[in-house]
Amino acid sequence: MPYKHYLLIPLFLLSNLVKGQNNFIPQSTEKCGIIPDDETQFSRDARNWGYGYDSLLVDLDRWEAYSYVTIDSLGATVQNRAIWELTISENPEISSNHRIYIHARTHPGEEESFWVTNEIINILISDSPFAEFVRSNCIFHIIPMYNPDGVELGYPRENANGVDIESGWDDIPLEPEVAVLKNRFIELMWTTDNPVEVALNMHSAYSCKRYFVYHDAVGTSDNFTVLEQQFIGGTQSYFPGGFENWDYFVSWTSGTPDQYPESWWWMNHGENVMALTYEDMNCIEAGLYDSTANAILRGTCDYIGLNYSHISEENKVHPMEFSSRQNYPNPFNASTLIPYTITQPGKVTITILDIIGREVLQLANGHHNVGEYLVKWDGMNRFKLQVDSGIYFYRIQVGRVNNTRKMLLIK
Ligand SMILES: [Zn+2]
């Protein structure tokens, strides 16, 4: 792994942080989680829930190649893994830029929270006019994997101490991961001229719906609930039928809790920060991560008052001449299907690559008309031999634009 910049974390809250290793105690689920018997298909250890820390390191290298992406380690987990943060912006130092914070995968078993975040990153680093405009006017800070220890241990919700780090923001001492993120928030809020305006906490829920966890006025304020409805409704408008209405999951009806990240935001920054938990689907019907990511990004831009109406309508719908979607099933064991949509006719190439980027097979190479397509990969290479279990990529190229996605083959 090449070297990232290490940030100077304010030290005043870093005392008394490290706890000993406790026995692992599974905790009950509430607003998010996985179906309890959803673990029959693969062992936890073998799959890291489909996307492990090594996968993240490969992606960090890829993302870091873009001039407008910076990657930092914010600090260490219980087992001494780095908590990596991407900063995506053309002008990260310009104080008029809007600052947005996104962190994902607090709960390791909620891997969909990563796949949505991955698509947010894909959109932000793309060469579409919308992406260029957003990068020029915003600073996105994104933690794709906030709990890498839990991911590697195959825990559904906990860190290496067996603690659910979604809560405990009011604990003394703090869990190491919570201390790292809280300090980062403090740093951004009190040492920059342009503090965070939107903070999204990415999860997924076995209720098999996409929704934001809405905070009632009893625990916030009347004005804040108006803002929440504006944010959620705005996001929803970019993916009709994709998200539940704002009142699908209402929380904080009996006051302000003090253990969550959103509690910290509310108690310290009130209406100035739209801090919300987002729940993707955690079920077999999960998917459409690109549509979800697109809606969340555009809803966020509208909320912070970024006007991109001068960017053409075509680019609003499809950032590129095509859109690819996540293969399914994924992970897969015999074969998988790759869906994609061509919105401009042209030459299309679909290539399967191994984890170090070597070509395994070309699945398509020829002219496509406008339309929806589905191509199957049966896990064979170009010599008709079965490939090994592991991470593979599929790259769809249309003209000079390409898009790469990851999949996991487990035999
Ligand atoms: Zn969760």
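Scope of this entry: the structure provided in the associated data block. Since the structure is predicted, the reported quantities are computational estimates derived from the model, not experimental observations. Each chain has its residues counted from 1, running along the sequence as written. Residues qualify for local features only when their pLDDT is at least 70, as the model is predicted, and side-chain atom pairs are given and counted only at 80 or more; totals for whole chains, interfaces and linings, by contrast, use all residues. Heavy atoms throughout the structure, all of them, feed into the side-chain values; hydrogens and water do not.

1. Side note on the overall build of the chain
Across its full length, the chain carries 10 helices and 16 strands. Expressed as a percentage of its 411 residues, the buried residues of the chain come to 58%. We call two residues contacting when some pair of their heavy atoms lies within 4.5 Å. Within the chain, counting contacts between residues at least 6 apart in sequence, those at least 24 apart form 72% of the total. To be clear on the numbers: accessible area is Shrake-Rupley with a 1.4 Å probe, and residue cover counts the displayed protein chains and nothing else. Within the structure as shown, the chain displays about 16800 Å² of accessible surface, and the carbon and sulfur contribution to it stands at 50%. Strands here mean DSSP runs of E at least two residues long; helices mean DSSP runs of H or I at least four residues long; both are numbered from the N terminus. Exposure classes here rest on a 1.4 Å probe applied to the protein chains alone. A residue is buried below 20% of its type maximum, exposed above 50%, and partly exposed in between.

2. Quick word on helix H8 (residues 261-269)
Where burial is concerned, most of H8 is hidden: seven out of the nine residues are buried. Taken together, the buried positions of H8 are Pro-261, Glu-262, Ser-263, Trp-264, Trp-265, Trp-266 and His-269. Where H8 is buried, its residues touch helix H6 (176-191), strand S6 (196-205), strand S7 (211-215), helix H7 (222-236) and strand S9 (274-281). The positive-phi residue at the C-terminal boundary of H8 is Gly-270, with phi of around 50°.

3. Observations regarding the pattern of salt bridges
We define a salt bridge as a contact between a side-chain nitrogen of Lys or Arg and a carboxyl oxygen of Asp or Glu at a distance within 4 Å. Applying the stated criterion to the full structure yields 12 salt bridges. For Glu-85, the salt bridge goes to Arg-184, with nearest N and O atoms at 2.8 Å. Taken as a pair, Glu-85 in strand S3 (residues 82-88) and Arg-184 in helix H6 lie far apart in primary sequence, 99 residues in all. For Glu-85, a relative accessible area of 0% translates into the label buried. Where Arg-135 meets Glu-90, a salt bridge forms, and the shortest distance between an N and an O atom there is 3.0 Å.

4. Observations regarding the packing of helix H3 (residues 111-125) against helix H9 (residues 289-303)
Relative to each other, H3 and H9 sit at 65°, their axes nearing to 8 Å. For H3 against H9, the interelement crossing comes out right-handed. Between H3 and H9, the contacting residues are Glu-112, Trp-115, Val-116, Glu-119, Ile-120, Ile-123 and Leu-124 on the first element and Tyr-289, Asp-290, Thr-292, Ala-293, Asn-294, Ile-296 and Leu-297 on the second. Here the contact of H3 with H9 is composed, by residue class, of nine nonpolar, two polar and three charged. Here, axes are lines fitted to C-alpha atoms. For helices the fit covers the stretch in contact, and angles between N-to-C directions go from 0 to 180 degrees. Crossing chirality is assigned from the near helix's rotation relative to the far helix, an anticlockwise turn below a right angle marking it left-handed and a clockwise turn marking it right-handed. Amino acids are sorted into nonpolar (Ala, Val, Leu, Ile, Met, Phe, Trp, Tyr, Cys and Pro), charged (Asp, Glu, Lys and Arg) and polar (every other residue, Gly among them).

5. Quick word on the pairing of strand S13 (residues 359-368)
Each pair of strands is called paired provided DSSP finds at least two bridges between the two strands. Looking at chain direction, strand S12 (residues 346-353) and S13 are connected through eight bridges and run antiparallel. Bridged to Val-348 within S13 is Gly-366. Taken together, S12 and the strand that follows it, S13, pair antiparallel across an intervening segment of five residues, in which Gly-357 is found at a positive phi of about 90°.

6. Focus: unusual backbone geometry
For the bond from Ile-172 to Pro-173, the omega torsion is -5°, close enough to zero to count as cis. Inspection of the secondary structure assignment puts Pro-173 in the loop between helix H5 (148-153) and H6. Cis geometry marks the peptide bond from Tyr-328 to Pro-329, where omega comes out at -10°. Tracing the chain through its elements places Pro-329 in the loop between strand S10 (322-324) and strand S11 (336-342). Its identity is not glycine, yet Arg-105 carries a phi of approximately 65°, on the positive side. By the element assignment, Arg-105 lies in the loop between strand S4 (98-104) and H3. A positive phi is found at Lys-384, a non-glycine position, where the angle reads about 65°. Looking at where Lys-384 falls in the secondary structure, it is placed in the loop between strand S14 (371-377) and strand S15 (390-398).

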